[in-house]
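# Structural features, examined
Here is how the chains run, residue by residue.
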Amino acid sequence: MKRVVWLIAGTSEGRKLAEALADLDIRVLVTVATEYGASLYPARKNVEVYAKRMTYDDMCAFLKEKDPELVVDASHPYAKIVTETVSRACRNLGYGYLRMLRPATPHPDCIDVRNFDEAVEVLSDTEGPVFLTTGSKNLVDFTKLPGYKERITCRILPLRDSLDNALTLGYQPSHIICMQGPFSKELNVAMFHQCGARYVVSKDSGKAGGFEDKLAAAAEVGAKLVLIDRIPETGDDLERVLEILRQHFGKGA
């Protein structure tokens, strides 16, 4: 019977880990939140991809059914509920757990805020166009910003649910960009210029998520970047996780 690894993905590093694990003589169980996320994984005979948002009970049931030798959490650094839930499930049921983190990016010139409500509060005391790059999930928070329909241009994934959500919340079609990132500095500059952005709202998605290019683009067009801070946590970067996997499975990962 093949050894089993459960990889909780959702980042580009997660896909790299899946590719590395696929070269080993093990079963790789990859879970992502959406069908779109699942579609990003190439077909490999020993990689099984599941698209499902899991509760704590779901995760416990999955652990008991699949009985993985190791759980690798490569979820997004802002997906704190996922990390809190799976780490608790592993701890309570006695499964090995490994957290992979993207290194944070230095950002001395940003306006740091703790959450989306604080971002709205800060922007409420400003004027001028806002370019929102934090996805569709938190669009509802920014409807609290006075004049949001005129001020905000939002960039979201090219998914029907994301677009429907933006339109339902009252965002103008001319102020909605549906594209898959990460984006180069040059493309960010063009988009920020197009809407005349005075402020850009972002998360620190790390170099792999295009944050450095976004930071540089905002500086080039003279826009101030409002940054949603990460929740502090501990973990290992991609290189260290690959090293641990090589040692654990005894073959080149």
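Everything here concerns the structure above.
Before going into details, it helps to say that this report is about the structure given with it. (Residues numbered from 1 in each chain as written. Predicted model: local features only at pLDDT ≥ 70, side-chain atom pairs only at ≥ 80, totals over all residues. Heavy atoms only, no water.)

### Considering the overall build of the protein
- When helices and strands are counted, the protein shows 11 helices and 11 strands.
- For 253 residues, the compact-globule formula gives about 18 Å, and the C-alpha radius of gyration of the protein, at 20 Å, lands near that figure.
- On the principal axes, the C-alpha backbone points of the protein span a range of 60 × 35 × 30 Å.
- Classification of the 253 residues of the protein by burial places 47% in the buried group.
- Looking at the protein alone, contacts between residues at least 24 apart form 63% of all its contacts between residues at least 6 apart.
- Carbon and sulfur atoms make up 51% of the accessible area of the protein, which totals about 12700 Å². (Helix = DSSP H or I, 4+ residues; strand = E, 2+ residues; numbered from the N terminus. Rg over C-alpha atoms; globule rule 2.2 N^0.38 Å. Buried < 20%, exposed > 50% of the residue type's maximum accessible area, 1.4 Å probe, protein only. Contact = heavy atoms within 4.5 Å. Areas by Shrake-Rupley, 256 points an atom, 1.4 Å probe, with all protein chains shown as cover.)

### Overview of the packing of helix α3 (residues 56–66) against helix α4 (residues 80–93)
- Close contact between α3 and α4 brings their axes to 9 Å; oriented N to C, the two are set at 45°. In terms of orientation, α3 and α4 fall into the oblique class. Relative to α4, α3 is oriented so that their crossing is right-handed. Where α3 approaches α4, its residues Tyr56, Met59, Cys60, Leu63 and Lys64 are matched on the opposing element by Val82, Thr85, Val86, Arg88, Ala89, Cys90, Asn92 and Leu93.
- When the residues that make up the contact of α3 with α4 are grouped by side-chain class, the tally is 9 nonpolar, 2 polar and 2 charged. (Axes fitted to C-alpha atoms, helices over the stretch in contact; angles between N-to-C directions. Parallel < 35°, antiparallel > 145°, perpendicular 65-115°, else oblique. Left-handed = near helix turned anticlockwise from the far one by under 90°. Nonpolar A, V, L, I, M, F, W, Y, C, P; charged D, E, K, R; others polar.)

### Here we look at the environment of Glu212
- Examined against the element boundaries, Glu212 turns out to sit in helix α10 (residues 211–221).
- Note on Glu212: relative accessible area 38%, which makes it partly exposed.

### Side note on unusual backbone geometry
- Along the chain, Gly181 connects to Pro182 via a cis peptide bond; the corresponding omega equals 5°.
- Within the secondary structure layout, Pro182 lies in the loop between β9 (176–178) and α9 (185–195).

### What to know about the packing of aromatic side chains
- Scanning the entire structure with this criterion turns up 5 aromatic pairs.
- Here Trp6 and Phe62 contribute two aromatic rings whose centre-to-centre distance is 4.7 Å and whose plane-to-plane angle is 50°, an arrangement assigned as tilted. Highlighted residues: Trp6 in strand β1 (residues 3–8) and Phe62 in helix α3, separated in sequence by 56 residues.
- Ring-pair connections join several aromatic residues into one group, and the members of that group are Trp6, Tyr50 and Phe62.
- The ring of Tyr56 has Arg88 sitting right over it, with the charged end atom 4.0 Å from the ring centre.
- Above the plane of the ring of Phe183 lies Arg155, whose end atom (NZ or CZ) is 3.8 Å from the centre. (Phe/Tyr/Trp six-rings, centres within 6.5 Å; stacked < 30°, edge-to-face > 60°. Lys NZ or Arg CZ within 6 Å of the ring centre and 35° of its normal.)

### Topic: the side chain of Lys214
- Structurally, the position occupied by Lys214 is in helix α10.
- Among the polar contacts listed, one links the side chain of Lys214 to the side chain of Thr133, at a separation of 3.0 Å.
- Non-local contacts of Lys214, meaning those with residues more than four positions away in its chain, are made with Thr133, Arg155, Asn188, Phe192, Val200, Ser202 and Leu225. (Polar contact = N/O pair within 3.5 Å; in protein donor to acceptor, adjacent residues only side chain to side chain.)

### Considering the pattern of salt bridges
- According to the stated counting rule, one finds 11 salt bridges in the structure shown.
- One salt bridge in this structure joins Arg99 and Asp73, with 3.4 Å as the shortest N-O distance. Of the two residues, Arg99 sits in strand β5 (residues 97–99) while Asp73 sits in strand β4 (residues 70–73), which places them 26 residues apart along the sequence. Like Arg99, the residue Asp73 is buried in the burial classification.
- The residue Lys185 makes a salt bridge to Glu220 at a minimum N-O spacing of 3.0 Å. Here the residue Lys185 occupies a position in helix α9, and Glu220 occupies one in helix α10, the gap between them amounting to 35 residues.
- Here the salt bridges do not stand alone but share partners, grouping Glu19, Asp23 and Arg44 into one network. (Salt bridge = Lys/Arg side-chain N within 4 Å of Asp/Glu carboxyl O.)

### Comments concerning the pairing of strand β10 (residues 199–203)
- Burial within β10 is extensive, with 5 of its 5 residues counted as buried.
- In terms of strand pairing, strand β7 (residues 130–132) meets β10 through 3 bridges, oriented parallel. In the strand pairing of β10, Leu132 is matched with Val201.
- Of the strand pairs in this sheet, β10 and strand β11 (residues 224–228) are connected by 5 bridges, and their pairing is parallel. Residue pairing across strands places Val201 opposite Val226, the latter belonging to β11. (Pairing = 2+ DSSP bridges.)

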